[in-house]
There are 2 protein chains.
Amino acid sequence: MKKQPEIEKNPSTEEKIKEAARRVFTKKGYAATRTRDIAEESGFNLALINYYFRSKEKLFDIIMLEHLQIFIHSVMGIVNDPETTLQEKMEILISHYIDMLIKNPDIPLFVLSEINANPVKLISKLGFNKVQHGNIYLVKQWKELAATQKQLLINPIHIIMNVLSLTIFPFISSPLLRNRTGMSLEAFNKLMEERKKLIPVWINVMIGNSNTN
Amino acid sequence: MKKQPEIEKNPSTEEKIKEAARRVFTKKGYAATRTRDIAEESGFNLALINYYFRSKEKLFDIIMLEHLQIFIHSVMGIVNDPETTLQEKMEILISHYIDMLIKNPDIPLFVLSEINANPVKLISKLGFNKVQHGNIYLVKQWKELAATQKQLLINPIHIIMNVLSLTIFPFISSPLLRNRTGMSLEAFNKLMEERKKLIPVWINVMIGNSNTN
DNA sequence: AAATAAATTAATCATTTGATTAAGCAAGTT
DNA sequence: AACTTGCTTAATCAAATGATTAATTTATTT
């Protein structure tokens with residue numbers, strides 16, 4: 001029986017397999033992915049993926065964890081930054097997200113599908129359930145803002161939902177949208193670039209702040 | 001070799017299998033669904049599902065076609081109605097959609113995942129690519145509106161995207177959101193009910209029409 | 001150079017899975 | 001009662017699939 005390599009002498013092969021797995025898993029999802037697909041995509045023998053990662057599931061967990069970190073932690077970093085204003089948070093978040101999504105358009109559908117398929121395992125087991133909702137700095141700032149406003153403000157969860165919806169959903173529906181309108185990928189990405197500026201404006205007018213920076 | 005039944009004597013069994021298939025496929029997706037899952041869910045023998053539907057794929061196509069009709073055609077009906085104003089279209093569409101999504105929260109992720117997995121087959125083969133983008137009545141109305149406005153209006157595709165994003169995305173991200181905030185399904189649905197009124201208001205202020213009916 | 005360890009492959013295994021077959025049953029028809 | 005037809009099941013098949021094994025090649029150490 002072979003041992004797992006203790007020291008990473010040549011990261012190349014292991015990394016190539018991981019990259020191949022990332023592409024295949026992200027494109028097709030866990031259930032539709034065959035270990036042989038990953039072998040073929042990586043250019044290595046099937047047995048090698050088990051040699052390095054023990055099982056399909058373990059490899060998947062690694063890929064998923066990486067995606068979740070991109071998908072969640074980066075947001076939390078921005079949303080939780082005490083140095084930036086609400087306004088800035090939003091602009092940074094949206095711009096950052098759209099850049100990331102233009103590069104990795106398959107991530108949201110992949111992550112949300114797999115969470116839907118296996119919520120318990122993916123949310124609790126992969127241990128990013130530390131962040132407490134109440135502690136998020138953005139929520140505090142929102143409450144402060146709400147205290148100064150005369151009019152009753154809506155549940156801040158709506159605003160968070162709106163930011164994420166307006167930013168992420170277009171990428172999720174892109175295959176359908178592009179097919180039905182005949183839009184090219186370039187044209188789509190151009191639209192998404194436009195949204196970097198549009199979404200913050202929209203969110204502002206939603207909140208009732210007409211200050212269009 | 002058995003023949004397919006020409007006349008539907010007892011719709012009960014076939015319909016029960018279809019309903020079971022709808023539940024399992026919609027929840028787990030095509031690739032993760034085993035024909036045995038459908039058999040078990042329906043309470044019938046495995047062979048029966050092939051007796052009635054010939055194959056897993058044919059059964060899936062039937063389920064998917066039904067979902068696509070809910071997901072697309074109903075929208076097109078509303079969006080293409082010459083009798084309603086832009087304002088009314090939007091309100092009807094959103095309210096109708098949210099009702100449907102509260103009842104069937106898994107449909108959007110299911111449909112979009114499967115389209116992503118197999119765009120060619122699902123979009124072109126299932127023949128709902130008849131509707132021409134330019135012919136949509138909403139687009140005409142938007143152009144008319146744009147002609148009367150002084151300020152330059154944004155690409156109407158953004159507005160369509162926004163309506164769909166704000167309406168559908170919360171349901172797609174619901175498992176993640178609910179888990180992270182500890183929100184109950186009832187509380188979530190209540191939020192979605194709120195959005196029936198909020199989204200049209202938001203869209204209006206985005207367009208620059210402060211007429212909050 | 002010999003010996004040891006790590007990387008890689010071809011072949012194979014055991015299970016799962018979509019599908020079929022053949023037989024039994026229920027209901028109506030002749 | 002015998003016959004036909006549609007419905008249902010248990011048993012089975014063949015291919016796909018995740019994983020392992022044993023052998024081979026390559027690299028590293030002594």
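Along each chain, residue indices are assigned from 1 in the same order as the chain's sequence is written. Each chain gets a letter, beginning with A, and each ligand a number, beginning with 1, in the order they are written. Thresholds applied to this predicted model are a pLDDT of at least 70 for local features of residues and 80 or more for the giving and counting of side-chain atom pairs; totals over whole chains, interfaces and linings are not thresholded and use all residues.

Caption draft 1: Main features of the overall build of chain A. Helix numbers and strand numbers start at the N terminus; a helix is a DSSP run of H or I with at least 4 residues, a strand a run of E with at least 2. When you go through chain A residue by residue, the secondary structure sums to 11 helices and 0 strands. Written out in order from the N terminus, the α and β elements of chain A read α-α-α-α-α-α-α-α-α-α-α. Sequence-distant contacts, at least 24 apart, represent 67% of the contacts inside chain A between residues at least 6 apart. Placing C-beta atoms from the backbone, we regard two residues as in contact once those atoms come within 7 Å.

Caption draft 2: Quick peek at the nonpolar core. Buried Ala, Val, Leu, Ile, Met, Phe, Trp, Tyr and Cys residues form a nonpolar core when they are connected through C-beta atoms within 7 Å. Any residue whose C-beta has 12 or fewer other C-beta atoms within 10 Å is treated as exposed, any with 20 or more as buried, and any in between as partly exposed, C-beta atoms being built from the backbone. Of all hydrophobic cores here, the largest spans 91 residues; its most connected members are A:Ala21, A:Val163 and B:Val163. For B:Val163, the contacting residues outside a window of four places in its chain are B:Met90, B:Leu93, B:Ile94, B:Ile199 and B:Ile203.

Caption draft 3: Looking closely at the domain arrangement of chain A. Residues and elements named next belong to chain A. Marked domain ranges trace back to an automatic or database domain assignment. According to the domain assignment, chain A contains domain 1 (9-54) and domain 2 (62-207). Look at where the C-alpha atoms of domain 1 and domain 2 centre, and you get two points 29 Å apart. At the interface, 8 residues of domain 1 touch 7 residues of domain 2. Note that Gly is not counted as nonpolar here; it falls among the polar residues with everything else outside the nonpolar set of Ala, Val, Leu, Ile, Met, Phe, Trp, Tyr, Cys and Pro and the charged set of Asp, Glu, Lys and Arg. In terms of residue class, the side of domain 1 that touches domain 2 is built from 3 nonpolar, 2 polar and 3 charged.

Caption draft 4: Quick peek at the packing of helix α5 (residues 86-103) of chain B against helix α11 (residues 185-207) of chain B. All names here are of chain B. Axis geometry follows a simple rule: fit a line to the C-alpha atoms, using only the stretch in contact for helices, then measure angles between N-to-C directions, giving values from 0 to 180 degrees. The interhelical angle for the contact between α5 and α11, taken along N-to-C directions, is 165 degrees, at an axis separation of 9 Å. Here α11 runs roughly antiparallel to α5, going by the angle between their axes. For α5 against α11, the interelement crossing comes out right-handed. Each of Met90, Glu91, Ile94, Ser95, Ile98 and Ile102 in α5 lies in contact with α11, whose residues at this interface are Asn189, Met192, Arg195, Lys196, Ile199, Pro200 and Ile203. When its residues are assigned to classes, the contact of α5 with α11 shows 8 nonpolar, 2 polar and 3 charged. Angle categories are assigned with fixed cut-offs, so that under 35 degrees is roughly parallel, over 145 is roughly antiparallel, 65 to 115 is roughly perpendicular, and the rest are oblique. Helix crossings are classified by the rotation of the near helix relative to the far one: an anticlockwise turn of less than a right angle makes the crossing left-handed, while a clockwise turn makes it right-handed.

Caption draft 5: Summary view of the relation of the copies chain A and chain B. In superposing the copies, a least-squares fit is computed on C-alpha atoms, taking residues whose pLDDT is at least 70 in both. Note on the copies: chain A fits chain B at an RMSD of 0.0 Å, the axial shift is 0.0 Å, and the rotation between them is 180 degrees. What the rotation and shift describe, once combined, is the action of a two-fold rotation axis. Interface residue correspondence from chain A to chain B reaches 100%, placing this contact among same-surface, isologous pairings.

Caption draft 6: Geometry of the interface of chain A and chain B. Residue-level contacts link 37 residues of chain A with 37 residues of chain B. Top element by residues in the side of chain A that touches chain B is helix α9 (residues 156-172) of chain A. It accounts for 11 residues. Across the side of chain A that touches chain B, the residue classes break down as 24 nonpolar, 11 polar and 2 charged.

Caption draft 7: Structural view of unusual backbone geometry. Residue and element names in this part refer to chain A. One non-glycine residue, arginine 54, lies in positive phi territory at about 70 degrees. Mapped onto the elements of the fold, arginine 54 is located in the loop between α3 (46-53) and α4 (56-79). Assessed through the 11 C-beta atoms surrounding it within 10 Å, arginine 54 is described here as exposed.

Caption draft 8: Spotlight on the environment of A:Asn80. All names here are of chain A. Relative to the helices and strands, asparagine 80 resides in the loop between α4 and α5 (86-103). Sequence separation between asparagine 80 and valine 139 is 59 residues; the distance between their C-alpha atoms is 8.9 Å. Contact partners of asparagine 80, with chain neighbours within four places excluded, come to Ile136 and Tyr137.

Caption draft 9: How the structure looks around the environment of B:Ser74. Residues and elements named next belong to chain B. With respect to the secondary-structure elements, serine 74 resides in helix α4 (residues 56-79). Note on serine 74: 14 C-beta atoms within 10 Å, which makes it partly exposed. Between the C-alpha atoms of serine 74 and methionine 64, which are 10 residues apart in sequence, the distance is 15 Å.

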